[in-house]
Amino acid sequence: KAGVTQTPRYLIKTRGQQVTLSCSPISGHRSVSWYQQTPGQGLQFLFEYFSETQRNKGNFPGRFSGRQFSNSRSEMNVSTLELGDSALYLCASSPLLAGGQETQYFGPGTRLLVL
Amino acid sequence: SQQGEEDPQALSIQEGENATMNCSYKTSINNLQWYRQNSGRGLVHLILIRSNEREKHSGRLRVTLDTSKKSSSLLITASRAADTASYFCATALNSNYKLTFGKGTLLTVNP
């Protein structure tokens with residue numbers, strides 16, 4: 001099976017712009033989670049989706065949003081970008097109802113640089 | 001605050017030696033998972049151990065879990081230069097669908 005794919009892999013934006021990141025889970029996986037990784041804060045949970053429903057949300061401002069489509073593909077959007085949003089954004093998928101209850105399979109990430 | 005905290009933050013050893021990393025957490029968990037990350041890339045799952053398990057093995061990896069002490073350890077035996085990476089523990093609670101990661105241990109294996 002193909003792994004989790006994320007597009008784009010690298011992105012440069014300026015403050016105030018918005019960005020949309022895409023994640024395609026492993027075929028058959030229905031749970032998709034997003035994480036932000038920065039040197040200062042480490043890996044932090046953003047949100048998790050299952051069957052197009054957000055089941056859990058991390059402690060991030062409303063500028064961070066996401067959605068999941070009927071084919072389980074997911075997107076996350078960050079509006080009004082700030083310098084501190086520069087990070088590696090990781091998407092992970094897991095089968096069935098799992099979320100964090102089972103192994104999560106991570107994509108290669110999207111590295112976002114905000115100037 | 002982080003649910004899991006790894007110790008040490010950095011570890012440097014020679015090829016062939018064993019590497020031990022520890023993880024402590026704060027609340028009751030459903031499971032604890034270990035992941036590896038090579039130089040800012042995606043995370044690779046290593047082992048998942050459930051709260052009712054005490055030890056699991058996978059190849060050169062051995063993970064223990066002590067729920068009374070809220071701690072886990074990851075042992076890599078006969079290390080190789082290719083094991084050089086950051087290692088993270090992550091915990092999952094019964095009540096939600098997310099993983100909470102520690103800050104990781106940077107392991108360097110010198111050839």
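Our structure's up above, just so we're on the same page.
Residue position: serine 74 of chain A is located in strand β8 (residues 74-78). With residues near it in sequence (within four places) discarded, serine 74 of chain A still touches Leu21, Ser22, Cys23, Val32, Trp34, Tyr49, Arg67, Gln68 and Phe69 of chain A.

Time to look at the sheet that holds strand β1 (residues 5-7) of chain A. Residue and element names in this part refer to chain A. Spatially, the 4 strands line up as an open sheet ordered β1-β3-β8-β7, and their pairing is antiparallel. Strands with a single pairing partner mark the edges of an open sheet, and in this sheet they are β1 and β7 (64-68). The average undirected angle you get between the axes of adjacent strands in this sheet is 20 degrees. Taken together, the 5 bridges between strand β3 (residues 19-24) and β8 define a ladder with antiparallel strand orientation. Residue pairing in the sheet places cysteine 23 in a bridge with serine 74 of β8.

So, on to the interface of chain B and chain A. Listed per partner, the contact involves 23 residues of chain B and 24 residues of chain A. The contact between chain B and chain A buries some 1800 Å² in all, and 49% of this surface belongs to carbon and sulfur atoms. Counting across the chain B and chain A interface gives 0 salt bridges. Here chain B is connected to chain A by 5 residue pairs in polar contact (both at pLDDT 80 or more). For the side of chain B that touches chain A, the secondary structure elements donating two or more residues are β4 (31-37), β5 (43-50), β9 (85-92) and β10 (99-101) of chain B. Here the side of chain B that touches chain A is composed, by residue class, of 9 nonpolar, 10 polar and 4 charged.

All names here are of chain B. Overall, antiparallel pairing links the 5 strands, which are arranged β1-β3-β8-β7-β6 in an open sheet. Looking at the sheet topology across the chains shown, the edges are occupied by β1 (4-7) and β6 (55-58). Here the average twist between neighbouring strands, direction ignored, is 15 degrees. As paired elements, β1 and strand β3 (residues 19-25) share 4 bridges and run antiparallel to each other. The partner of glutamate 6 across the bridge, within β3, is cysteine 23.

The subject of this paragraph is the state of the cysteines. All names here are of chain A. Per the stated rule, a full pass over the model turns up 2 disulfides over all chains. The disulfide partner of cysteine 23 is cysteine 91, and the S-S distance across this bridge is 1.7 Å. Every disulfide takes its handedness from the sign of the S-S torsion; for cysteine 23 and cysteine 91 that torsion is -55 degrees, giving left-handed. Of this pair, cysteine 23 sits in strand β3 while cysteine 91 sits in strand β9 (residues 87-94), and the two are 68 residues apart along the sequence.

This brings us to a nonpolar patch on the surface. A surface patch of nonpolar side chains, about 300 Å² in accessible area, is lined by Ile12, Leu113 and Leu115 of chain A. For leucine 113 of chain A, the position within the fold is in strand β11 (residues 110-114).

The next subject is the pattern of salt bridges. Residue and element names in this part refer to chain A. One pass over the structure, following the stated rule, counts 7 salt bridges over all chains. One salt bridge connects arginine 55 with glutamate 48, and the closest N-O pair in it is separated by 2.6 Å. A relative accessible area of 23% means that arginine 55 is categorised as partly exposed. The class of glutamate 48 is buried, set by a relative accessible area of 0%. The salt bridge partner of glutamate 75 is arginine 67, with a shortest N-O separation of 3.3 Å. Overall, glutamate 75 belongs to the buried group, its relative accessible area being 16%. Here the residues in one salt-bridge network are Arg63, Glu82 and Asp85, joined through shared partners.

Basis of the calculations
- Residues numbered from 1 in each chain as written.
- Chains lettered and ligands numbered in written order.
- Predicted model: local features only at pLDDT ≥ 70, side-chain atom pairs only at ≥ 80, totals over all residues.
- Heavy atoms only, no water.
- Helix = DSSP H or I, 4+ residues; strand = E, 2+ residues; numbered from the N terminus.
- Contact = heavy atoms within 4.5 Å.
- Pairing = 2+ DSSP bridges.
- Axes fitted to C-alpha atoms, helices over the stretch in contact; angles between N-to-C directions.
- Buried area = accessible area lost by both parts, 1.4 Å probe.
- Salt bridge = Lys/Arg side-chain N within 4 Å of Asp/Glu carboxyl O.
- Polar contact = N/O pair within 3.5 Å; in protein donor to acceptor, adjacent residues only side chain to side chain.
- Nonpolar A, V, L, I, M, F, W, Y, C, P; charged D, E, K, R; others polar.
- Disulfide = S-S within 2.5 Å.
- Patch = residues over 30% accessible without salt bridge, like charges linked within 9 Å, V, L, I, M, F, W, Y side chains within 5 Å.
- Areas by Shrake-Rupley, 256 points an atom, 1.4 Å probe, with all protein chains shown as cover.
- Buried < 20%, exposed > 50% of the residue type's maximum accessible area, 1.4 Å probe, protein only.

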